[in-house]
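# Analysis of the macromolecular model
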Amino acid sequence: MPNIHRRGRDRNYGDRDGRGGGGGGGGGGNRDREYINNSDLGGTAKRVWFKGGQHHRDGRGVGLSQAVLQRRVMLDDGDIDMSGGGSSRNNNSNRSRGFRRQNFNGRNRNNNYRDFPPPKRFLEESFTGWYKARVVGELAFDKDELISLLSRHIGLPIIAYNFQKVNNEVSFYLETRDVAEKILDADRKITLPNGQKMRINVKPISCPVDMTDELRENIKLVMAKRYRADTKALDLKKFHADPDLLAKELLVPLMKPNVLNAVAQTICKNIPGIVAIDLSENRLSSLDQLRPLIEKATSLQILHLHKNSIRHERQLDCLQGLGIVELMLEDNPVCSRLKDKTNYVREVRKRFPNVVRLDNEALPPPITFDIENDTKLKPSLGSYTCNPEGALVVSQFIELYYTIFDSDDRQPLINAYHENAQFSFTCSPGMGSYLNDNRNMFLIGSNETRTKLLKTGPSNIVSFLNSISKTEHDPASFCVDLTLFTPQLLALSISGVFREVGSNKKVPMRSFNRSLVIVPSGSGYCIINDMLYFTTANPDQISEAFKMPLPVVNPAPVVSPVVVPPVVAAPTTAPLIPNTLEAQEQMIAMLSLQTGMNIPYSKKCIEENQWDFNRALFAFNECNKMGSIPADAFIK
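Values in this document were obtained by computation on a predicted structure and should not be read as measured data.

## A few points about the pattern of salt bridges
Considering all chains together, one arrives at 21 salt bridges under this definition. Here K143 makes a salt bridge to E249, at a shortest N to O gap of 2.9 Å. Here K143 is found in helix α4 (residues 143-154), whereas its partner E249 is found in the loop between α7 (243-247) and α8 (257-270), with 106 residues between them in sequence. Where D317 meets R351, a salt bridge forms, and the shortest distance between an N and an O atom there is 2.6 Å. On the criterion of sequence distance, the pair formed by D317 in the loop between β10 (302-304) and β11 (326-328) and R351 in helix α11 (residues 341-351) is long-range, its members being 34 residues apart. On the accessibility criterion, R351 (9% relative accessible area) is buried. Look at the salt bridges and you will find they share partners, linking K225, R226, D242 and D244 into a network.

## Let's talk about the sheet that holds strand β4 (residues 161-166)
With antiparallel pairing, four strands are arranged side by side in an open sheet as β4-β5-β3-β6. Every interior strand has two partners, whereas the edge strands, β4 and β6 (199-204), have only one. Strand-to-strand, the axes of this sheet are offset by a mean angle of 15°, without reference to chain direction. Here six bridges tie strand β3 (residues 131-136) to β6, and the two strands are oriented antiparallel to one another. Paired with V135 across the two strands is I200, which belongs to β6. Relative to the sheet, helix α5 (residues 177-185) contacts β3, β5 (169-174) and β6, its axis offset from that of β6 by approximately 150°.

## Observations concerning the pairing of strand β21 (residues 524-536)
Inspection of the sheet shows strand β15 (residues 417-427) paired to β21 by seven bridges, in the parallel sense. Bridge assignment links C427 to a residue of β21, and that residue is F534. Direction of pairing for strand β20 (residues 510-521) relative to β21: antiparallel, over a ladder of 12 bridges. Its bridge partner lying in β21, R514 is registered against L532. The hairpin turn running from β20 into β21, its antiparallel successor, is two residues long, and G522 in that turn takes a positive phi close to 60°.

## Looking at the packing of aromatic side chains
Centre-to-centre distance and the angle between the planes together describe a pair of aromatic rings. By the definition in use, this model includes 18 aromatic pairs. For the pair Y401 and Y402, a centre-to-centre distance of 5.3 Å together with 70° between the ring planes defines the contact as edge-to-face. The same class applies to Y401 and to Y402, which are both buried. Ring geometry for F425 and F464: centres 5.5 Å apart, planes at 50°, overall tilted. Here the residue F425 occupies a position in strand β15, and F464 occupies one in helix α14 (residues 458-467), the gap between them amounting to 39 residues. A single burial state applies to F425 and to F464, both of which are buried. Positioned over the ring face of F405 is R410, at 4.3 Å from the centre of the ring.

## Regarding the side chain of N218
Within the fold, N218 resides in helix α6 (residues 213-226). Overall, N218 belongs to the buried group, its relative accessible area being 11%. Within the structure, N218 has its side chain in polar contact with the side chain of K248 (distance 2.6 Å). If we ignore the near neighbours within four places in the chain, the residues touching N218 are K248 and L250.

## Brief notes about helix α12 (residues 388-405)
Helix length check: α12, at 18 residues, gives a terminal C-alpha distance of 26 Å against a target of 26 Å (1.5 Å per residue), a fit within 8%. For α12, every residue scored as buried is listed here: G390, A391, V393, V394, S395, F397, I398, Y401, Y402, I404 and F405.

## Side note on the sheet that holds strand β8 (residues 233-235)
Strand order across the open sheet formed by seven strands is β7-β8-β9-β10-β11-β12-β13, with mixed pairing between neighbours. The open sheet has two edge strands with one neighbour each: β7 (227-228) and β13 (361-362). Bridge count for β8 against strand β9 (residues 276-278) is three bridges, and the pairing is parallel. Across the sheet, the residue bridging to A233 is A276, located in β9.

## Regarding the confidence of the model for the chain
Predicted confidence across the chain gives a mean pLDDT of 77, with 74% of residues reaching 70 or more. When the elements of the chain are averaged for pLDDT, helix α2 (residues 66-77) gives the smallest value, 42, and β9 the largest, 95. Low pLDDT, under 50, characterises residues 550-575; the stretch is placed with 63 contacts to residues that sit more than four places away or in other chains.

Rules and cut-offs
Residues numbered from 1 in each chain as written. Predicted model: local features only at pLDDT ≥ 70, side-chain atom pairs only at ≥ 80, totals over all residues. Heavy atoms only, no water. Salt bridge = Lys/Arg side-chain N within 4 Å of Asp/Glu carboxyl O. Helix = DSSP H or I, 4+ residues; strand = E, 2+ residues; numbered from the N terminus. Buried < 20%, exposed > 50% of the residue type's maximum accessible area, 1.4 Å probe, protein only. Pairing = 2+ DSSP bridges. Axes fitted to C-alpha atoms, helices over the stretch in contact; angles between N-to-C directions. Contact = heavy atoms within 4.5 Å. Phe/Tyr/Trp six-rings, centres within 6.5 Å; stacked < 30°, edge-to-face > 60°. Lys NZ or Arg CZ within 6 Å of the ring centre and 35° of its normal. Polar contact = N/O pair within 3.5 Å; in protein donor to acceptor, adjacent residues only side chain to side chain. Expected span 1.5 Å × (residues − 1). pLDDT = per-residue confidence, 0-100.

Structural data, given as C-alpha cells:
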C-alpha cells in the first residue's frame with residue numbers, strides 16, 4: 001500500500017491491472033490531477049487538485065466520485081440559464097469536461113456530468129404562502145396545454161394565477177407549497193419538442209399588488225356578483241380564486257393590506273347595511289383594515305374567518321365593537337393556542353360579548369344585566385368593617401402605630417410586632433432607593449434572594465423601618481378595610497398617602513398599601529404578618545392630600561358635648577347616612593350598647609360624626625380616655 005503521507009512523492013501506484021496510476025509522465029496520472037477544467041470560465045485552462053495528490057479507496061484511480069459530480073450539479077443549479085437558448089456546453093454533450101471516468105473492469109468511457117440526474121432542490125417556505133414559478137424554453141404551448149403538461153408530470157392539479165408569457169419565458173403564481181415543490185422538482189425532467197429540457201425555477205414571493213383604479217373597479221364587480229341582496233350577505237371566500245379574476249389573469253389576494261382596505265371601503269360606501277361576511281380561506285393574518293366596519297357596518301352580525309392565519313386573539317381587538325352574534329374561527333393558529341374551550345369562549349366574548357354561536361356550535365347565552373345604559377354605581381365607602389366591635393381596636397392600633405412611625409424614633413415599634421413576625425416590602429418601578437429591598441415575586445426568581453429579603457423577627461423589621469426616610473402620613477386619606485375579626489385573629493388592609501420629610505430633594509408624594517394580620521398578645525395586640533407596598537401617588541390623591549382641617553369642638557347649649565378629637569382613620573368618601581328612621585335608631589342603639597352611653601348622648605355623638613359609626617366609636621374612646629364625657633351621659 002502506498003504511503004499517503006509522502007504527499008505525492010511516491011506515485012507509482014495504480015489500479016489492479018496496472019493502468020491509471022503511474023508516475024508523472026503517465027496519462028493516467030495527468031487525468032487524476034484534472035479535477036475541474038475551467039475553460040468555460042474564460043482565460044487559460046486551470047487545473048485544481050488536492051495538495052497531496054489523489055488517493056482512492058483500494059488504490060483505484062477512478063477519477064471524480066459520484067458525490068463530487070453531484071456537488072458540481074448543485075452548483076450549476078444555483079445559476080440557471082433562463083435565456084432559452086442554452087449554452088454551448090449543454091449542446092455539446094460529447095465534449096470532454098477535462099476528466100474521464102474509468103469503470104471497474106478497466107474500460108474507459110467518456111461521461112458528462114450532465115448525465116447524472118439533478119438532485120432535489122430545497123424550496124424555502126413562503127411566509128405569505130405564495131410562490132412564483134418561471135418556465136423557460138421554446139414553449140409552443142398555450143396556458144392550458146402547459147399547465148396540463150405540468151399537472152400530468154407531477155400528478156397534482158395546478159391552479160396558475162396571473163399567467164404571463166413573454167417570448168420564451170412563462171411566469172405564474174402558486175398558492176400551495178406541495179405543488180410548488182413538485183414543479184420545482186420537475187426542472188430539466190420534461191423534454192420539449194425541440195429536444196431541449198424544460199427549465200423551471202420556483203421561489204417564495206411576497207405577492208405584490210399594485211392597486212390601480214382598474215383593479216379597484218374589478219374588485220367591485222366581483223364583490224357585486226358575490227353579494228346577495230336578499231340575505232345581505234357577502235361571500236368573499238377564497239376571493240383570489242374567483243373565476244372572473246382568473247380569466248383576466250388578475251392576482252388579488254385579500255391578505256394584502258391594500259386589497260383588504262379596498263374591500264372594506266367598498267362595503268362601507270355601497271353596502272353599509274350588510275349582515276354577514278365570509279372571509280374564510282384568504283390567508284388573513286391582520287384584520288386592521290376592517291376597523292371602518294365598526295362605525296359604518298353597524299348591522300353586521302355574522303363573520304366567518306375560518307381557515308386563515310390569525311395567530312393570536314389580540315388580532316381580533318381591532319373589530320371590538322361589532323355586534324357579532326355568530327363567529328367562525330376554526331382552523332386558525334389561534335385555535336391551537338386556546339385549546340381549552342372555556343378559555344377560548346372567554347377570549348372571544350371579551351371582544352364580542354353577544355356571540356351565541358362559535359365555530360358552528362351554540363353557546364350558552366351571555367350573562368347580561370337588564371339595566372339602563374346610564375345607570376351609575378353607588379359611590380364606594382371609604383372604609384369597611386366586618387364587625388363594629390373590631391373597629392375600635394383597629395382605630396386605636398392604627399393611630400398609635402402611625403404616631404410612632406412618623407416620629408423621629410421608630411424603635412418603639414418593636415413592641416408592635418410578634419416575636420415570630422414576618423415583614424415583606426414591595427414597590428413600583430421608579431421608586432429610587434426603595435428598589436434595593438423590593439421583594440416583587442414576579443421579578444425575583446431566586447428562592448435564596450426571596451428569603452433574604454423577607455424580614456423575620458421584631459429587630460430585623462424595625463431595623464428596616466428605621467432605614468426608610470422620615471415620613472408624614474395624612475390621616476384623612478386613610479382607608480381601612482377590616483375583613484376578619486375574631487378573638488384570635490384580625491386581618492385588615494390600610495391605604496393612604498404620605499410625604500417624605502427632612503430631605504433637601506424634592507420628592508413626589510407617595511401612596512401606600514399595607515396588609516396586616518394582628519393577633520392578641522397579653523393585654524394588647526401585635527402584628528404577626530406585615531406586607532407593605534409603596535408607589536407614587538396619583539393626581540387625585542395628590543390634589544386631596546393634607547387638606548382636611550382638624551375637626552372643631554362645638555359645645556352644646558344644653559348638655560356637655562362629646563369632644564371629637566382629630567380622626568386618624570377617616571374615610572376618603574363621606575359615609576352614607578341611613579335613609580330611614582328605623583336604620584338610624586338601630587345605629588344609635590348599637591352605639592349606646594357598645595359605649596354604655598344613654599340614647600340622647602349616643603345620638604348626639606353619632607350625629608356630630610356624620611353618621612359614621614366607626615368614627616363615632618373612635619371619638620367616644622378618645623374622649624373617654626381624656627375624661628371629657630360628663631357623668632350624666634351614662635345615666636339611663
